[in-house]
Amino acid sequence: EAQVTQNPRYLITVTGKKLTVTCSQNMNHEYMSWYRQDPGLGLRQIYYSMNVEVTDKGDVPEGYKVSRKEKRNFPLILESPSPNQTSLYFCASSLRDSLGAYTFGSGTRLTVV
Amino acid sequence: ELKVEQNPLFLSMQEGKNYTIYCNYSTTSDRLYWYRQDPGKSLESLFVLLSNGAVKQEGRLMASLDTKARLSTLHITAAVHDLSATYFCAVTLTGTASKLTFGTGTRLQVTL
């Protein structure tokens, strides 16, 4: 089944403890992105990648890192999480020059205490 | 900077009624998307609109795009309870298909 898989689905952590949220897609998509969703703010792009080793900042990149060493994987790294990073995170992927929509993962609900 | 505005933010409507959700964007774009999100769930793609005058329909939902006015509409015909969800429009700037900018969403509640 074609899908974007995120792990974990839920995570509670403490301030300052490094964490990684994984994202993997099995559709050979070039484009991958991370979004955070907060009430009243919609979805905001954190980072995106147009292909292996090509990444760029989105609208809210502060406090996050990404890497794209393989086409299928695009992990989101929080080196020192803070409570204002408590949010619902989505990974998404798309074919380059696709006429179709982005496919979204199931989401990761992160709570930083 | 691309801005995407939706209105209304919240819509409560009775079953059987018609209504329209509006999506305005601030800069020239070559693609507009509509997504649906059920509470606690991921985003489901509804429509991709690629050109001026594009119209797509699926069931009771119809989306259209006017690139000159920088406006897309999502029209709901004879609403049913199953359509209750949050609807998002999203836009990519011309030439930057990798960067998707979302509106704040319209929460639709269909009541009996």
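To be clear, the structure that these remarks concern was listed above.
Residues numbered from 1 in each chain as written. Chains lettered and ligands numbered in written order. Predicted model: local features only at pLDDT ≥ 70, side-chain atom pairs only at ≥ 80, totals over all residues. Heavy atoms only, no water.

### Some details on the sheet that holds strand β7 (residues 65-66) of chain A
Residue and element names in this part refer to chain A.
Thinking step 1. Read across the open sheet, the 4 strands follow the order β1-β3-β8-β7; overall the sheet is antiparallel. The open sheet has two free edges, formed respectively by β1 (4-7) and β7, since each of these has just one partner strand.
Thinking step 2. Bridge analysis of strand β3 (residues 19-25) against strand β8 (residues 76-78) gives 3 bridges, and the strand direction is antiparallel. Bridge assignment links V21 to a residue of β8, and that residue is L76. (Pairing = 2+ DSSP bridges. Helix = DSSP H or I, 4+ residues; strand = E, 2+ residues; numbered from the N terminus.)

### Focus: the interface of chain B and chain A
Thinking step 1. Taken together, the contact between chain B and chain A spans 18 residues of the former and 23 residues of the latter.
Thinking step 2. A buried area of about 1700 Å², summed over both sides, lies between chain B and chain A, and 55% of it is on carbon and sulfur atoms.
Thinking step 3. Sorting the residues of chain B by area buried against chain A places B:S98, B:K99 and B:F102 first, and these three jointly supply 31% of that buried surface.
Thinking step 4. Applying the counting rule to chain B against chain A returns 0 salt bridges.
Thinking step 5. Inspection of the chain B/chain A interface yields 4 residue pairs in polar contact (both at pLDDT 80 or more).
Thinking step 6. Of all the elements in the fold, those that place two or more residues in the side of chain B that touches chain A are β4 (29-37), β5 (43-49) and β10 (100-102) of chain B.
Thinking step 7. Take the side of chain B that touches chain A: its biggest share by element is 4 residues, from β4(B). (Contact = heavy atoms within 4.5 Å. Buried area = accessible area lost by both parts, 1.4 Å probe. Salt bridge = Lys/Arg side-chain N within 4 Å of Asp/Glu carboxyl O. Polar contact = N/O pair within 3.5 Å; in protein donor to acceptor, adjacent residues only side chain to side chain.)

### Brief notes about unusual backbone geometry
Thinking step 1. A cis amide bond links A:N7 with the next residue in sequence, A:P8, at an omega value of -5°.
Thinking step 2. With respect to the element layout, A:P8 can be found in the loop between β1 and β2 (10-13).
Thinking step 3. Of note, the bond from B:N7 into B:P8 is cis; its omega dihedral lies within 30 degrees of zero at 0°.
Thinking step 4. Within the secondary structure layout, B:P8 lies in the loop between β1 (4-7) and β2 (10-14).
Thinking step 5. With a phi angle near 65°, A:E53 is a residue other than glycine that sits in the positive phi range.
Thinking step 6. In this fold, A:E53 is placed in the loop between β5 (42-51) and β6 (54-57).
Thinking step 7. On the basis of relative accessible area, A:E53 is assigned to the exposed category, the value being 60%. (Buried < 20%, exposed > 50% of the residue type's maximum accessible area, 1.4 Å probe, protein only.)

### Topic: the sheet that holds β1(B)
Residue and element names in this part refer to chain B.
Thinking step 1. As summarised here, the arrangement of the 5 strands in space is β1-β3-β8-β7-β6, forming an open sheet in which the pairing is antiparallel. Whereas interior strands pair on both sides, the edge strands pair on one side only; in this sheet they are β1 and β6 (55-58). Ignoring strand direction, the axes of neighbouring strands in this sheet form an average angle of 15°. (Axes fitted to C-alpha atoms, helices over the stretch in contact; angles between N-to-C directions.)

### Observations regarding the packing of aromatic side chains
Thinking step 1. Counting across every chain of the model gives 9 aromatic pairs over all chains.
Thinking step 2. Ring geometry for A:F104 against B:F102: centres 6.0 Å apart, planes inclined by 75°, an arrangement best described as edge-to-face. Remark: B:F102 occurs in strand β10 and A:F104 occurs in strand β10 (residues 103-104); the pair is interchain, linking two chains. Here the two residues A:F104 and B:F102 agree in accessibility, since each one is buried.
Thinking step 3. Ring geometry for B:Y35 against B:F102: centres 5.9 Å apart, planes inclined by 45°, an arrangement best described as tilted. Taken together, the residues span a long stretch of sequence, with B:Y35 in strand β4 and B:F102 in strand β10 at a distance of 67 residues.
Thinking step 4. B:Y35 sits in the buried class, given a relative accessible area of 0%.
Thinking step 5. Judged by its relative accessible area of 7%, B:F102 falls in the buried class.
Thinking step 6. Counting every residue linked through ring pairs, the aromatic cluster contains A:Y35, A:F90, A:F104, B:Y33, B:Y35, B:F88 and B:F102. (Phe/Tyr/Trp six-rings, centres within 6.5 Å; stacked < 30°, edge-to-face > 60°.)

Just geometry here; none of it tells us what the structure is for.
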